[in-house]
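Analysis of the macromolecular model
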Amino acid sequence: MHFSKWGKFVYLIVIACAVPAMVRADGETQPGRDGKQPVDEAYTAKIRKYTTQPFFSSPLVDYLPASKNVPTPEVVLGDVAGAPGILPYAEDVYKYMRLLEKATPRVKVYSIGTTEEGREMIAVAVSSEANLKNLEQNHERLARLADPRTIHLDDAEADKLVAQAVPVYYITGTIHSPETGAPTALMELVYRLAVDESLYIREIRDGVITLITPVVEVDGRDRIVDIYKWHLAHPKEFYPPLIYWGKYVAHDNNRDAMAMTLKLTQNVLNTYAAWDAQVLHDLHESVPYLYDNTVGDGPYNAWVDPILVDEWQMIGSRNVADMTKFGMPGVFTHGNFDTWSPGYLMFLAAMHNGISRLYETFGNGGADTLERTLEPDEYARTWYRANPPLPKAMWSQRNNNNYEETGLLTSLHYFNENKRLFLKNFYLKSKRSIQKPAAEGPAAYVLPADDPRASIQADLLRVMLRQHVEISRASSAFQVNLPAKKEKKKPKAGGETEDKPKTPPAPTTRDFPEGSYVIRMDQPYSRVADALLDYQYWSPEDPQSTPYDDTAWTLGEMFGVQVVRVTDAKALAVPMERVRELKPVGGVQGEGTVFAIENHAEPGLATLRYRMKDATIEAAEEGFEAGGRKFGRGTFLVRGVSRGDLDTATTSLNLHAVALSAAPTVKTHPVRAPRIAYIHTWLSTQAEGWWRMALDELQIPYDYMSTQAIAQIPDLNAKYDVILFPPVGWNSNPTAIIQGLPTTWGNPLPWLNTPETPNLVGKNDSTPDMRPGLGWDGVAKLQNFVAKGGLLLTTTDTSQFAISIGLTNGVTASSSDKMKIVGAVVGTRVVDAASPITYGYDEKVSAFCDNGPIFSVNSMLGSRRRRLGPEGGARPTGRGTKDDPDFVVGRISTEAPEQPEHETWEVPSPTDEQLHNNPRVIPPASRARVILRYADEKDLLISGLVQGGRDIAQHPAVLDVPSGAGHVVLFSINPIYRGETENTYSLVLNTLLNFDSLNAGRKAAEK
Ligand SMILES: [Zn+2]
């Protein structure tokens, strides 16, 4: 065996440190207390008291070592970690961590940023005094392993660093606010790691830097603690459900690791990357008793390194083994979590050359001790869960803390024992990311400089920068070879396939202009760029029939900008410069007093409209030519504004304006900034939260109110032009939206700031009682608003609501048992390019779809048009060949009138028979206008899982339905979702800006 100088030295130190008496016959260090170190007897007695069964604990946590100078969590909590009735605010957790920092050189606290509501996030480092003293020097080593380009991909050099470096294991707590146990478990864990002198803990302390963010969702933590305090003060009453967690999203805060729109995601990745950590381990509570979902189930994300897959298996299996030996029931690592989507917080590590881990432990959603009864599938013994949880048990927050701490300590210990392997793997995963162009490819992704949607392109590139991906800009034009497209074999008449063409198709080339953006795949974080920009395919035959989350995310499609996957390594030889910040490029060109801004469905256009309050802005209803260039339909014509002001505004928004000497003679209508009422329910706010975030970022003002509040406004039309009703998500159906939660029993559920609940409301909404819904008065208000000329915009479940309350004549919505479109990217087609809603879009629009609903349209009330069985119109049995007319013997033949034909998405014209004395026929001007439809079945799948797509193929995806004097605009796709769908934002924004001209370009049916 060859030892480097350093390696030998380290090896000798390890030998010298080992205390033989504490090492077992199996070569493992004995877990458990050091007999020589005194125990904090009072604290230990309480740990045992609050643990409901001895087997819900372990030798690692059933005692607390005493310290003369380091305070236990009791100084802040007033009791031990996991005690009943005790949930600390983030502030208290931080206070304790900072007390530890003062008391021991083994703890350091770092501020890592703030939340949307301005609360601090922290990271706590705990390790030996020496490790924390040498942080900088150690980080230099880790940084070189993290970026092997710095050591010229030299494995021998890497081995030297691996032998010397101390790895960083990053733990994150309570991202999901109702999962409340982690903060106290982590307070105690830091104490143990700093104080415990047992060999087992010393090995961790000396060998690893444990980094901990005890509270990830700080805004939500303070709210759930408020609610818990309210519950303690009103023990016999129902307590309010946690309707808001963070400012914008609830449970989806753990689905933000792709677009990285939330501060918590950004702060955690920045910390992970700044420390060059090897592991990101995120703590959750929803499964008994400890599901280490690291291994989970397939399909695994296609872009992770197989080295990581092995690491998952190693760590997961060992974790189960260690806890099983302690006799702790219900610890397992396989289960129904698939590792496909990279949207989870912990997956930041999987996509950045680390190890992602996630625990589901068991919690009671607060600190009450409760008897918990499980479902049969939760306590069943299975092949992967040999010692399952108990069918019924008293469960305490202390039990939860025992499991979390024991799981983490055994993980840390195992990780330390094998840290050279994991550090080497960390280097290898990074190296293999850099070698991607020569291995699996591609060489690069290129975003062309001439993409007409520059502002959206910049937003997509900003996502990449948030992901710490390196972006470069080509300093000259260049050409690459694109792989030849394989011709699909066309079936011959007899079912055989045609012979291959004699000559293989020639490779095509593609030219990119100077200034095109190049995302090189020979960089350490190429993996995440590849995963986010590539396409996904989830086979309908996959053994996993219940995808855990979205099946697709292809960001180029969802942002609607060109992203070219280039396999030709020539792309890497192009002269280019690193881009560290995307400065907006725009402004006004030319001279004149009328300014034209081409419409490419960029969201910044809406911002511009609101920002330039006094400007006159009109939209061209047709394309036109002016100043020697062509402008498309929907072009903004801006007047009454100074060139300087417009230049400033367009520059900051990455928009280009052209000054014209005279206004073009094209038909126009005003583009106005509507007064928006934005409604949410008290059932769920997460799906709408993504909409709120998008509007806030675009600086589009709106009045945010609940269904209860809108029902109280006497004259909606006097106050608002548009009512925006984004999707509800969980618990939504028309009845629930109207009725809310039951009010005939139970107590009011206040969502108010009170002395007991000072943090509940934050900057969101409040109510003395969350239970009442929109109510029938509210329904009447909405109906009246639309009837009098208002515009109501709805999506997915709120579209179903609008249909079910009778606001949309001739429109039905259905679902299909056979269809499975699970968070996929689908193709849609513009049907009516003259509608202002589609201004700036090309014919093909990629959109996010999660199972519809399936809209159908008709020209009559009361009938449903459904595609059941074969299409009609086939000839019946009779004389002649298939295409011949039949005859009737003895009668002169009469030709049958032609059946009117229509496409699936079209409103069928009523027949003369149907028109006869029929009040149910909707007059042409009142029929639904089909704006966008789903693509044909064969073109529906763009990315992800589309199964049974024929049931929604060709059906309308966006409808503009005249209703009284107003309009209801219905979406079946979700146009604003998780910060990932900027391509479809402007379908909503166009609707807003053209609220009083939606009939522009409308062609009425003849009859
Ligand atoms: Zn969770």
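Structural notes, computed from the coordinates.

Analysis parameters
Residues numbered from 1 in each chain as written. Predicted model: local features only at pLDDT ≥ 70, side-chain atom pairs only at ≥ 80, totals over all residues. Heavy atoms only, no water. Helix = DSSP H or I, 4+ residues; strand = E, 2+ residues; numbered from the N terminus. Rg over C-alpha atoms; globule rule 2.2 N^0.38 Å. Buried < 20%, exposed > 50% of the residue type's maximum accessible area, 1.4 Å probe, protein only. Contact = heavy atoms within 4.5 Å. Areas by Shrake-Rupley, 256 points an atom, 1.4 Å probe, with all protein chains shown as cover. Lys, Arg positive; Asp, Glu negative; His and termini not counted. Charge placed at Lys NZ, Arg CZ, Asp CG, Glu CD. Patch = residues over 30% accessible without salt bridge, like charges linked within 9 Å, V, L, I, M, F, W, Y side chains within 5 Å. Salt bridge = Lys/Arg side-chain N within 4 Å of Asp/Glu carboxyl O. Polar contact = N/O pair within 3.5 Å; in protein donor to acceptor, adjacent residues only side chain to side chain. Pairing = 2+ DSSP bridges. Axes fitted to C-alpha atoms, helices over the stretch in contact; angles between N-to-C directions. Core = buried A, V, L, I, M, F, W, Y, C linked by side-chain atoms within 4.5 Å. Donors = N, O, S within 2.8 Å, 3.2 Å for Na, K, Ca; no water. Tetrahedral: all angles 85-135°; square planar, octahedral: opposite > 155°, others 65-115°. Phe/Tyr/Trp six-rings, centres within 6.5 Å; stacked < 30°, edge-to-face > 60°. Expected span 1.5 Å × (residues − 1). Parallel < 35°, antiparallel > 145°, perpendicular 65-115°, else oblique. Left-handed = near helix turned anticlockwise from the far one by under 90°. Nonpolar A, V, L, I, M, F, W, Y, C, P; charged D, E, K, R; others polar.

**Focus on the overall build of the chain**
- Along the backbone of the chain there are 31 helices and 39 strands.
- Against the 2.2 N^0.38 benchmark of 30 Å for 1007 residues, the chain shows a C-alpha radius of gyration of 31 Å, consistent with a compact globule.
- Its C-alpha atoms give the chain principal-axis dimensions of roughly 110 × 75 × 75 Å.
- Burial statistics for the chain: of 1007 residues in total, 58% are counted as buried.
- Contacts in the chain between residues far apart in sequence, at least 24 positions, make up 81% of those at least 6 positions apart.
- In the structure as shown, the chain presents an accessible area of about 41100 Å², 52% of it carried by carbon and sulfur atoms.
- Distance from the positive charge centre (104 side chains) to the negative charge centre (122 side chains) of the chain: 2 Å.

**Re a negative patch on the surface**
- Taken together, the side chains of Glu895, Glu898, Glu901, Glu903 and Glu906 make up a negatively charged region of the molecular surface.
- Accessibility expressed as a relative area gives 80% for Glu895, which makes it exposed.

**Notes on the side chain of Glu117**
- By the element assignment, Glu117 lies in the loop between β1 (107-114) and β2 (120-126).
- At 2.9 Å, the side chain of Glu117 and the side chain of Arg119 are in polar contact.
- For Glu117, the contacting residues outside a window of four places in its chain are Asp219, Arg223, Lys247, Gly762, Lys763 and Asn764.

**A few points about the sheet that holds strand β18 (residues 587-589)**
- Sheet architecture is open: six strands sit in the order β18-β24-β19-β23-β20-β25, paired in mixed fashion. Each edge of the open sheet carries a strand with a single partner, namely β18 and β25 (668-670). Looking at each pair of strands side by side, their axes are set apart by 30° on average, direction ignored.
- Note: strand β19 (residues 594-597) against strand β24 (residues 656-660), four bridges, orientation antiparallel. Looking across to β24, one finds that Val594 is bridged to Leu660.
- The sheet contacts of helix α22 (residues 643-652) involve β18, β19, β23 (636-639) and β24, and relative to β18 the element is tilted by about 125°.

**Some points on the nonpolar core**
- Counting residues in each nonpolar core, the largest one holds 151 residues, and the members touching the most others are Met97, Leu145, Tyr403, Met464 and Ile519.
- Filtering out sequence-adjacent residues up to four positions away, Met97 remains in contact with Val107, Val109, Ile122, Val124, Leu186, Met187, Val190 and Pro214.

**Examining the coordination of the zinc ion**
- The zinc ion binds to the protein through His176 (ND1), Glu179 (OE), Glu179 (OE) and His284 (ND1), with metal-donor distances spanning 2.1 to 2.5 Å.
- In this structure, the zinc ion is coordinated by four donor atoms arranged in irregular fashion, with angles at the metal of 55 to 150°.
- For the zinc ion, the single-chain donor residues occur in sequence as H-x2-E-x104-H. You can see Glu179 sitting in the loop between β3 (168-172) and α8 (182-195) and its partner His284 sitting in strand β5 (residues 279-285), a full 105 residues away along the chain. For the residue pair Glu179 and His284, the accessibility class agrees, reading buried in each case.

**Let's talk about unusual backbone geometry**
- Residue Pro288 is joined to Tyr289 through a cis peptide bond whose omega torsion reads -25°.
- Between Gly441 and Pro442 the backbone carries a cis peptide bond, its omega angle lying at -5°.
- Mapped onto the elements of the fold, Pro442 is located in the loop between α16 (419-434) and β11 (444-447).
- Not every positive phi belongs to a glycine, and Ala601 is a case in point at roughly 55°.
- Mapping Ala601 onto the fold places it in the loop between β19 and α21 (604-611).
- Even without being a glycine, Gln699 presents a positive backbone phi close to 60°.

**Notes on the sheet that holds strand β15 (residues 517-520)**
- Pairing is antiparallel across the open sheet formed by five strands, whose spatial order is β16-β11-β15-β12-β17. The strands lining the two open edges of the sheet, one partner per strand, are β16 (564-566) and β17 (576-579). Neighbour to neighbour, the strand axes of the sheet diverge by 35° on average, direction disregarded.
- By the bridge criterion, four bridges tie β11 to β15 in an arrangement that is antiparallel. Following the sheet pairing, Leu447 is matched in β15 by Tyr517.
- Each of β11, β12 (471-474), β15 and β17 touches helix α17 (residues 454-466); the most contacted strand, β15, lies at about 25° to it.

**Points about the packing of aromatic side chains**
- Within this structure, the stated rule accounts for 33 aromatic pairs.
- The interplanar angle of 85° and the centroid separation of 5.9 Å between the aromatic rings of Trp340 and Trp538 together place this pair among those described as edge-to-face. Of this pair, Trp340 sits in the loop between β7 (331-338) and α13 (347-350) while Trp538 sits in the loop between α18 (526-533) and α19 (555-559), and the two are 198 residues apart along the sequence.
- Look at Trp340 and you get buried, because its relative accessible area is 7%.
- Summarising the aromatic geometry, the rings of Tyr344 and Tyr548 are spaced 6.3 Å apart at their centres and angled 65° between planes, so their arrangement reads as edge-to-face. Placement of the pair is Tyr344 in the loop between β7 and α13 and Tyr548 in the loop between α18 and α19, with a sequence separation of 204 residues.

**Comments concerning the pattern of salt bridges**
- Summed over all chains, the structure comprises 52 salt bridges.
- A salt bridge links Asp459 to Arg462, with the shortest nitrogen-to-oxygen separation between them at 2.8 Å. Within this pair, Asp459 and its partner Arg462 are both found in helix α17, separated by three residues, close to a single helical turn.
- Looking at Asp459, the relative accessible area reads 25%, which means it is partly exposed.
- Arg639 is paired through a salt bridge with Glu618; the nearest N and O atoms lie 2.4 Å apart. Here Glu618 lies in strand β20 (residues 616-620) and Arg639 lies in strand β23, a separation of 21 residues in the sequence.
- Via salt bridges that share partners, Glu117, Arg119, Asp219, Asp222 and Arg223 belong to a single interconnected network.

**Let's talk about helix α23 (residues 686-697)**
- With 12 residues, α23 extends 17 Å between its outermost C-alpha atoms, agreeing within 8% with the 16 Å of an ideal straight helix rising 1.5 Å per residue.
- Burial analysis of α23 places 10 of its 12 residues in the buried class, the great majority of the element.

**A word on the pairing of β15**
- Relative to β15, β12 runs antiparallel, the two sharing two bridges. Directly across from Ser472, in β15, lies its bridge partner Val518.

**Concerning the packing of helix α9 (residues 199-207) against helix α15 (residues 397-417)**
- Taken N-terminus to C-terminus, the directions of α9 and α15 make an angle of 60°; their axes are 9 Å apart at the nearest point. With respect to α15, the element α9 is oriented oblique. The element α9 and its partner α15 pack so that their crossing is left-handed. Contact with α9, carried on its side by Tyr200, Ile201, Glu203, Ile204 and Gly207, involves Leu409, Thr410, Leu412, His413 and Asn416 of α15 and no other residues of that element.
- Of the residues in the contact of α9 with α15, the class split is five nonpolar, four polar and one charged.

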